[in-house]
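# Residue-level structural notes
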Amino acid sequence: MLLSDKSIREAIAKGKIAVKPFFEDCIQPSSIDVHLDNKFLLFNRAKHGVIDVKQKQEDLMTPVEIKDDEPFILHPGEFVLGSTLESIKLANDVAGRIEGKSSLGRLGLLIHSTAGYIDPGWEGNLTLELSNVSPLPITLYFKMKIGQISFTTMSTPVERPYGSKELGSHYQGQKVPIASKFYENFSE
C-alpha cells in the first residue's frame, strides 16, 4: 500500500523511514521531495571507446563538484550520475520508489533510467541517472528539488534486506554517486 502524507510522517516518527536532512515542507500528498547534491560523475570519453560490462574500468568516470550557486549544465543527449542531498534509510518492511518532478520532466530532464526502486534496508544517498532528452541544455543547481520518493509497506519484513552480506549489495551506505559495479557479477 502506498503511504499517504500522514503515514509518511508516522513512519518517520517511528524510525521506519529516515531522511537527513529532513524538510517538513517537502512532504507531498503521497511522497517526499528530495534535492540535488553538488557531486556528479561524468563519462571519460577521451580515454574510453567502449564500456565493457565485464571489466573494472577505474577511470571510466570523472568526478565533478559544483559550488553552491554554480550551475551544472546537462547538454542534450548527455547522461551523468548525480546524487540526492538527502540520505535515506528504510526499515526492513518499507520500500521506496524515486521519480522525477513533473515540471522538470516537461523540460526533458529524466532522473533515472532503470534504478528507481529502493529496497527495504537501504541506507545512503541515492544515485541519480540524469539524462537530458530535450534539444537544449538544462541547468541544474545544488539543493534544487530534483525528485520525489514514494513509499510502500511490505506484507512482512524482508528476510534479507538490502546490504545483507549474502546478497552482495554494491552500494549500501554510499554518500556520493558511485559508478557501476556490474563487473562484479562476472567475478563470482
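Note that the structure is a prediction, hence the values are computed from the model and not measured.

### Some details on a nonpolar patch on the surface
On the surface, Phe43, Ile51, Val53, Phe182 and Phe186 cluster together into a nonpolar patch covering about 440 Å² of accessible area. By the element assignment, Val53 lies in the loop between β3 (39-43) and β4 (61-65). Since its relative accessible area comes to 43%, Val53 is described here as partly exposed.

### Section: the pattern of salt bridges
Side chains that differ in sign of charge can pair as their charged atoms come close. Taken as a whole, this structure holds 7 salt bridges when the rule is applied. Between Lys56 and Glu58 there is a salt bridge, and its shortest N-O distance comes to 3.1 Å. For Glu58, a relative accessible area of 63% puts it in the exposed group. A salt bridge links Glu99 to Arg97, with the shortest nitrogen-to-oxygen separation between them at 2.8 Å. Each member of the salt-bridge network shares a partner with another, and the members are Asp33, Lys101 and Lys145.

### Brief notes about the nonpolar core
Counting residues in hydrophobic clusters, the biggest one holds 37 residues, and the most contacted among them are Leu130, Leu140, Ile146, Ile149 and Phe151. With 4 residues, the single largest contributor to this core is strand β6 (residues 79-90). Every residue in contact with Leu130, bar those within four places of it in the chain, is listed here: Leu36, Phe40, Leu74, Glu78, Phe79, Val80, Gly82, Leu110, Ile111, Leu140 and Ile146.

### Observations concerning the environment of Asp93
By the secondary structure assignment, Asp93 is in the loop between β6 and β7 (94-100). What makes Asp93 buried here is its relative accessible area of 17%. It is 5.7 Å that separates the C-alpha atoms of Asp93 and Thr153, two residues lying 60 residues apart in sequence. The residues touching Asp93, leaving out its near neighbours within four places in the chain, are Lys16, Pro120, Thr152, Thr153, Met154, Thr156 and Pro157. In this structure the side chain of Asp93 is engaged in a polar contact, spanning 2.8 Å, whose partner is the side chain of Lys16.

### A look at the sheet that holds β7
One open sheet holds the 4 strands; their spatial order is β2-β12-β7-β9, and the pairing between them is antiparallel. Each edge of the open sheet carries a strand with a single partner, namely β2 (32-35) and β9 (117-118). Bridging between β7 and β9 involves 2 bridges; their strand directions are antiparallel. Following the sheet pairing, Arg97 is matched in β9 by Tyr117.

About the criteria used
Residues numbered from 1 in each chain as written. Predicted model: local features only at pLDDT ≥ 70, side-chain atom pairs only at ≥ 80, totals over all residues. Heavy atoms only, no water. Patch = residues over 30% accessible without salt bridge, like charges linked within 9 Å, V, L, I, M, F, W, Y side chains within 5 Å. Areas by Shrake-Rupley, 256 points an atom, 1.4 Å probe, with all protein chains shown as cover. Salt bridge = Lys/Arg side-chain N within 4 Å of Asp/Glu carboxyl O. Helix = DSSP H or I, 4+ residues; strand = E, 2+ residues; numbered from the N terminus. Buried < 20%, exposed > 50% of the residue type's maximum accessible area, 1.4 Å probe, protein only. Core = buried A, V, L, I, M, F, W, Y, C linked by side-chain atoms within 4.5 Å. Contact = heavy atoms within 4.5 Å. Polar contact = N/O pair within 3.5 Å; in protein donor to acceptor, adjacent residues only side chain to side chain. Pairing = 2+ DSSP bridges.

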